[in-house]
Amino acid sequence: MEKPEKNEYHTTMPRNYVTQGIIFSIKPLGENNSSVGFMTKDNGLVYATLYGGPKSKLRSLVSLWNSGTAYLYCKDGNDISKNVKVTDFDVQNYHLTFRENLYKTYAASLAAELVIKTKCAGSTEKCWYLVSGFFDGLEFASGRQCETGMVRFLWRYLDLLGIRPDSSHCILCGREFFTGNSKGDRVLYNAVENGFTCSFCAEQDKSTHSFILSLEAAYYLYAVSELLPAAVRSLPLSDDSLSEIKRLVFFLAEQASGTKLKTLETGTGIL
């Protein structure tokens, strides 16, 4: 019986990897190279080396917040956790306004930091669609639309993490907030229970309530959970209610991350 030739049964793993990606970070690597962090649709966070100096055509395409089709070469076969380099990048969305608007810069940075800290919420593809949708919407938003878009993204991301509280009823007595049988015109978020309580239960409960929300703010969060995005965008929201929601979702984002978020610290007064 003839012996099989060496490597006859060896299967070569694919080295070229193509995926949809958003550039989350670019850091210098040596004199002319860079380490590029991608949020990808298929494999979550991928870090690859970009070779070439400042005059490289590819370097001009591989810019922060650009999204499109990334062509990567994996030295170790299909293992994209190391030894990966960028061979090409076909940009579909440049997100140019992120570089021109300070709020958008910080909003995008906050989303990226949260995704990195929570490892894509354990659901790569859903995370990809949520982030890419937020970035594309943020590109065309202006003024206050950027702020409401930011809180909607964070509220939906909390759901992806599985920790979003239900803002429709009291966690203690079950009373519904939006059917006319709730006492008072506000609700309170209880950090210990990770839920909302009505005014009556809040008076009886001696534990510390972290945040007070108007019924308008609570309903807006409920609408983000239940209604189509187009319907939510048309809802009225006062400045006071928006501020209440922002304080709550920023707190919950840091709770989910298990640490302080640098973007929130440096972006105080902007976000």
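The structure this text deals with has already been given above.
Figured I'd write up the structure that's included with this text. (Residues numbered from 1 in each chain as written. Predicted model: local features only at pLDDT ≥ 70, side-chain atom pairs only at ≥ 80, totals over all residues. Heavy atoms only, no water.)

Looking now at the nonpolar core. Within the largest apolar cluster, 59 residues are counted, with the highest numbers of intra-cluster contacts made by Phe24, Phe135, Phe153, Trp155, Phe196 and Leu248. The dominant element in this core, judged by the number of residues it contributes, is helix 3 (residues 102-117), at nine residues. With 18 residues, the next largest nonpolar core counts Leu50, Leu58, Ala70 and Val86 among its residues. (Core = buried A, V, L, I, M, F, W, Y, C linked by side-chain atoms within 4.5 Å. Buried < 20%, exposed > 50% of the residue type's maximum accessible area, 1.4 Å probe, protein only. Helix = DSSP H or I, 4+ residues; strand = E, 2+ residues; numbered from the N terminus.)

Moving on: the packing of aromatic side chains. Counting across every chain of the model gives 16 aromatic pairs. Their ring planes at 45° and their centres at 6.3 Å tell us that Phe24 and Phe135 sit as a pair that is tilted. You can see Phe24 sitting in strand 1 (residues 16-29) and its partner Phe135 sitting in helix 4 (residues 124-140), a full 111 residues away along the chain. Classification of Phe24 as buried rests on a relative accessible area of 7%. Plain terms: the ring middles of Trp65 and Phe135 are 5.7 Å apart, the flat faces sit at 85° to each other, and that makes the pair edge-to-face. You can see Trp65 sitting in the loop between helix 1 (57-61) and strand 4 (67-74) and its partner Phe135 sitting in helix 4, a full 70 residues away along the chain. Note on Phe135: relative accessible area 0%, which makes it buried. In textbook terms, an aromatic cluster arises when at least three aromatic residues are bridged by ring pairs, as seen for Phe24, Trp65, Phe98, Phe134, Phe135, Phe153 and Tyr157. Over the aromatic face of Tyr73 sits the side chain of Lys85, whose NZ or CZ is 5.6 Å from the ring centroid. (Phe/Tyr/Trp six-rings, centres within 6.5 Å; stacked < 30°, edge-to-face > 60°. Lys NZ or Arg CZ within 6 Å of the ring centre and 35° of its normal.)

Time to look at the sheet that holds strand 6 (residues 186-190). By definition, the strands of a sheet pair up through backbone hydrogen bonds, in either a parallel or an antiparallel sense. Overall, antiparallel pairing links the three strands, which are arranged 7-6-8 in an open sheet. Looking at strand neighbours, the two that pair on one side only are strand 7 (195-198) and strand 8 (211-214), the edges of this open sheet. Direction aside, neighbouring strands of the sheet carry axes that sit 35° apart on average. Across the face of the sheet, helix 7 (residues 215-226) comes into contact with strand 6, strand 7 and strand 8 while running at roughly 85° to strand 8. (Pairing = 2+ DSSP bridges. Axes fitted to C-alpha atoms, helices over the stretch in contact; angles between N-to-C directions. Contact = heavy atoms within 4.5 Å.)

Let's shift gears to the packing of helix 3 against helix 5 (residues 144-161). The interhelical angle for the contact between helix 3 and helix 5, taken along N-to-C directions, is 5°, at an axis separation of 10 Å. As judged from the angle between their axes, helix 3 and helix 5 are roughly parallel. Contacts between helix 3 and helix 5 involve Tyr103, Lys104, Ala107, Leu110, Ala111, Leu114 and Val115 on the former and, on the latter, Cys146, Glu147, Met150, Phe153, Leu154 and Tyr157. When the residues that make up the contact of helix 3 with helix 5 are grouped by side-chain class, the tally is eleven nonpolar, no polar and two charged. (Parallel < 35°, antiparallel > 145°, perpendicular 65-115°, else oblique. Nonpolar A, V, L, I, M, F, W, Y, C, P; charged D, E, K, R; others polar.)

Here helix 9 (residues 239-257) spans 27 Å end to end across 19 residues, near enough to the 27 Å set by a 1.5 Å rise per residue. Of the residues making up helix 9, those classed as buried are Ser241, Leu242, Glu244, Ile245, Lys246, Leu248, Val249, Phe250, Leu252, Ala253, Glu254 and Ser257. Just downstream of helix 9, Gly258 is the residue with a positive phi angle, here 75°. (Expected span 1.5 Å × (residues − 1).)

Here helix 3 is 16 residues long and its end C-alpha atoms lie 22 Å apart, about the 22 Å a rise of 1.5 Å per residue gives. Of the residues making up helix 3, those classed as buried are Tyr103, Lys104, Tyr106, Ala107, Ala108, Leu110, Ala111, Ala112, Glu113, Leu114 and Val115. Put simply, Asn101 is the residue that caps the front of helix 3, since its side-chain oxygen is 2.9 Å from the backbone nitrogen of Tyr103. The first or second residue beyond helix 3 is Lys119, which carries a positive phi of 55°. (Polar contact = N/O pair within 3.5 Å; in protein donor to acceptor, adjacent residues only side chain to side chain.)

In this section: the pairing of strand 6. Burial analysis of strand 6 places four of its five residues in the buried class, the great majority of the element. The sheet contact formed by strand 6 and strand 8 spans four bridges and is antiparallel. Following the sheet pairing, Leu188 is matched in strand 8 by Ile212. The antiparallel hairpin formed by strand 6 and strand 7 contains four residues in its connecting segment, where Asn194 sits at a positive phi of about 50°.

A few words now on the side chain of Ser67. Tracing the backbone shows Ser67 in strand 4. The exposure class of Ser67 is buried, given its relative accessible area of 7%. Beyond its immediate stretch of four places on either side in the chain, Ser67 contacts Gly21, Ile22, Phe89, Asp90, Val91, Gln92, Asn93 and His95.

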